[in-house]
Each structure stands twice: as structure tokens, then as C-alpha cells.
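# Tertiary structure, described
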Amino acid sequence: NKIIEVRSLSKSFDNKKALKEISLDISHPGITALLGPSGSGKSTLLRHLSGLVFSDRREGTEVRILGELVQSRGKAAQQVRRCRARAGYIFQQFNLVNRLSVLTNVLIGALSSTAKWRTLTGCFTQEQQQQAMAALDRVGMADYAHQRVSTLSGGQQQRVAIARSLMQKARIIFADEPIASLDPESARNVMELLKDINEREGIPIVVTLHQVDYALKYCQQLVALREGEVFYQGAAADIGEQA
Ligand code: ADP
Ligand code: ADP
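Each chain carries its own residue numbering, running from 1 in the written order of its sequence. To read the labels, note that chains go from A and ligands from 1, taken in the order they are written. Only residues with pLDDT of 70 or above have their local features reported here, since the model is predicted, and side-chain atom pairs are shown and tallied only from 80 upward, although totals for entire chains, interfaces and linings are computed over all residues. Derived side-chain values reflect all non-hydrogen atoms in the structure, with water molecules and hydrogen atoms excluded from consideration.

When accessible area is computed with a 1.4 Å probe and restricted to protein chains, residues below 20% of their type maximum are described as buried, those above 50% as exposed, and intermediate ones as partly exposed. A helix here means a DSSP run of H or I that spans at least four residues, while a strand means a run of E at least two residues long, and both kinds are numbered starting from the N terminus. Counting buried positions along helix H1 (residues 42–50) gives 7 out of 9 residues, so the element sits mostly inside the fold. All of the buried residues in H1 are Lys-42, Thr-44, Leu-45, Leu-46, His-48, Leu-49 and Ser-50. Gly-51 sits one or two positions beyond H1 and adopts a positive phi of about 80°.

Written out as C-alpha cells, the structure reads:
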């Protein structure tokens, strides 16, 4: 059972090729790190895997996540939408709504991508509120449920963002530089939490990182990019032995 299948994925911005016919297979249900220097295409690849954006429509282009088509040349609108609803996305800058409470930010994960924002005000069910509290408890943030997000540290905000993915019942989590804005201790805590969620909930995680040491410590699979191409893919353990 493949987690990720990528065939001939390309993306150009104006005349610049950000992804050059990438092909990639990931079967390992653990944590996969996308590594590479700034500008090598990590974020662009992650956004295409998650279905947040669309690739160049090339002959032979195909991306499947957990078997669902997220990029192709054909019309796959229905499948694309379904997968987007079940892929959690974690951002470097957390992407929480600062003036809302922690709990409401997690409840946002229960909204489908088509829900209107005006439905936000006070109409979540009792059950959804309980699920959101359980998700906050899972990431160690239950005590902060009724605080505004703006009062939290970066590490705490990232935990809330992870709770929002759990609320969304994500079947896979994509995390784009989730620790780049954090101090080393918070960074370790967030990586430990992702590792724990991966192991206990069995949710595969793909994470872009620029620190190789974190990748070796917390990830099982490494994919290294250089100028829009995959130049290395392998088990982290293989690299660890050489280092
Ligand atoms: P990384 O995440 O490895 O730093 P990115 O995926 O952000 O790399 O960027 C890869 C290349 O694509 C870079 O040259 C970047 O300037 C370019 N790029 C990314 N997003 C855009 C965009 N929205 N518009 C124009 N160029 C972009
Ligand atoms: P929109 O910008 O409103 O999404 P598009 O014409 O770009 O309009 O796309 C219409 C639909 O076709 C999208 O909602 C999407 O589901 C699907 N789609 C567009 N481009 C791609 C692509 N490269 N791969 C797969 N599906 C696509």
C-alpha cells in the first residue's frame, strides 16, 4: 500500500522550473523528511502533494496520496476535493486565527472546505466541542482551550495547529517547516509530538526541514531535493550509519 506515488510532477513559475518531472514513491508509513537548500522546491512539492495547488498539466503527470488522485492531467475534481479535506497541513507560521480562542481554532478543523466562515459563530455541536477538547488534550493544550491564540508561545501555537489536524480526522499530515520559527526546545517538543502521533495514531507525516540533524533523529525516510529534482531517497538509518 503506497502512501505517496508521484509520476512526472512538474511546476513552473513564469520561466523558472521549480519542480522538474519529479517521480517518487513512499511506502513507509512513518515520518518522511523533505530536505534541501532554500529554493530547492521543498515547499512547492509539499503543496502539490497535499493538493493545495495544481501542477503543470503534463502528459503522464500523476500524484496519488493514500491511493487518491490529487494531481493529474485529467479531470479529477471530485477526488481532488475529497483528499484535500482529509489532509492536515501544518505551516511554519501556524496559520491560526489569533483573535479567536484556542478551542475555536481547533473546531475550525471540523469544517469542511466548503463551509462558509459565517457558520463559525457558536454553532458547533456538543460532540464537536468534546472532540476538540480531546484533540487539545492529546497535544497537551487542554488547559489553554479558552485563551486567545495570541497569548501563546510559538511552540504552543504549533501544538494547537496539530490538534486542528486531528480534529479534521486527517489521514495524512503535511508539515511545511513546522519548527523553523521555534526555539530548539520547542522544536524538539513539536517533533516529539509529531513522532508520537505518527506512531500511536498511525498517521503518516511528510515534513519539510532544513536541519538534517532533526531529520535523522525523528524521521525514517529522507527525500533530498536539489534545484527541483530528487537527488536522494532512502532510509534515515542508512545515513545515520555513515555519519
Ligand atoms: P524551498 O521550499 O525548498 O525553499 P520553494 O518550493 O519555496 O523552495 O521554491 C522553489 C523555487 O520556486 C524557488 O526558486 C522559488 O523562488 C520558486 N517559487 C516558489 N513559489 C513561487 C511562486 N508562488 N511564484 C514564483 N516563484 C515561486
Ligand atoms: P479553479 O481555479 O476554480 O479551481 P480550474 O479550471 O483551475 O478552476 O480547475 C477546475 C477544477 O479542475 C479544479 O477545482 C480541480 O478540481 C480540477 N483541476 C484543475 N487543475 C488540475 C490539475 N492540474 N490536476 C487535477 N485536477 C485539476
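Along the chain, Gly-88 falls in strand S6 (residues 87–90). C-alpha separation for the pair Gly-88 and Lys-169, spaced 81 residues apart in sequence, amounts to 8.1 Å. Throughout, a residue-residue contact means that at least one pair of heavy atoms, one from each residue, lies within 4.5 Å. Those residues in contact with Gly-88, other than ones at most four positions away along the chain, are Ser-165, Gln-168, Ala-170, Ile-172, Ile-173 and Phe-174.

Between two aromatic rings, the relevant description is the distance of the centres plus the angle of the planes. Aromatic pairs are defined between Phe, Tyr and Trp rings, using the six-membered ring for Trp, whenever the two ring centres lie within 6.5 Å; interplanar angles under 30 degrees are classed as stacked, those over 60 as edge-to-face, and all others as tilted. This model, assessed by the stated rule, comprises 3 aromatic pairs. Ring geometry for Tyr-214 against Tyr-218: centres 6.3 Å apart, planes inclined by 20°, an arrangement best described as stacked. In this pair, Tyr-214 and Tyr-218 both sit in helix H7 (residues 212–218), 4 residues apart, roughly one turn of the helix. You'll find Tyr-214 and Tyr-218 in the same group, each marked buried. Through a chain of ring-to-ring contacts, the aromatic side chains of Tyr-89, Phe-91 and Phe-174 assemble into a single cluster.

Moving on to the site of ligand 1. What surrounds ligand 1 is the set Phe-13, Lys-16, Ala-18, Pro-37, Ser-38, Gly-39, Ser-40, Gly-41, Lys-42, Ser-43, Thr-44 and Arg-47. Polar contacts here mean pairs of N or O atoms no more than 3.5 Å apart (in protein, one a potential hydrogen donor and the other a potential acceptor; neighbouring residues in sequence count only if both atoms are side-chain atoms). Residue Gly-39 places a main-chain N or O atom 2.7 Å away from an oxygen atom belonging to ligand 1. One nitrogen or oxygen atom from the side chain of Lys-42 is found 2.9 Å from an oxygen atom belonging to ligand 1. Shrake-Rupley sampling with a 1.4 Å probe provides the accessible areas, and residues are treated as covered by the protein chains on show and by no other component. Compared with its free state, where it exposes 560 Å², ligand 1 has 62% of that area covered by protein. Of all elements in the fold, only strand S2 (16–26) and H1 reach the threshold of two or more residues within the shell around ligand 1. By residue number, the principal contributor to the shell around ligand 1 is H1, which donates 4 residues. If a single non-hydrogen atom of a residue is within 4 Å of a molecule or strand, that residue counts as near it.

This part covers helix H4 (residues 126–138). Between its terminal C-alpha atoms H4 stretches 18 Å, which fits the 18 Å expected from 13 residues at 1.5 Å a residue. Among the residues of H4, Ala-132, Ala-135 and Leu-136 are the ones counted as buried. Considered in projection along H4, the buried side chains sweep an arc of 100° and stay on one side of the axis. Every exposed residue of H4 that faces more than 90 degrees away from the buried side is listed here: Gln-126, Glu-127, Gln-130 and Asp-137. Tucked into the core, H4 has its buried residues touching helix H3 (102–107) and helix H5 (154–167). Positive backbone phi, approximately 75°, marks Gly-140, located one or two places after H4. Expected span of a helix, by definition, is 1.5 Å for each gap between consecutive residues, and there is one gap fewer than residues. This arc is taken over the directions from the axis of the helix to the C-beta atoms.

A separate point is unusual backbone geometry. A positive phi angle, close to 50°, is found at Leu-66, a residue other than glycine. Secondary-structure assignment places Leu-66 in the loop between strand S4 (62–65) and strand S5 (68–72). Assessed through its relative accessible area of 23%, Leu-66 is described here as partly exposed. Even without a glycine there, the phi angle at Lys-169 is positive, about 55°.

Moving on to the pattern of salt bridges. Salt bridges are defined by distance alone: a side-chain nitrogen of Lys or Arg within 4 Å of a carboxyl oxygen of Asp or Glu. Applying the stated criterion across every chain, the model contains 9 salt bridges. Measuring nitrogen to oxygen at the nearest pair gives 3.6 Å for the salt bridge that ties Asp-25 to Lys-2. With a gap of 23 residues between them, Asp-25 in strand S2 and Lys-2 in the segment before strand S1 (4–13) connect regions that are remote in the sequence. The exposure class assigned to Asp-25 is partly exposed, which follows from its relative accessible area of 29%. Residue Arg-171 pairs with Glu-68 through a salt bridge whose shortest N-O separation is 3.6 Å. Pair noted here: Arg-171 is in the loop between H5 and strand S7 (172–176) and Glu-68 is in strand S5, with a separation of 103 residues, a long-range link. What emerges from the salt-bridge pattern is a single network uniting Arg-138, Asp-196, Arg-200 and Glu-201.

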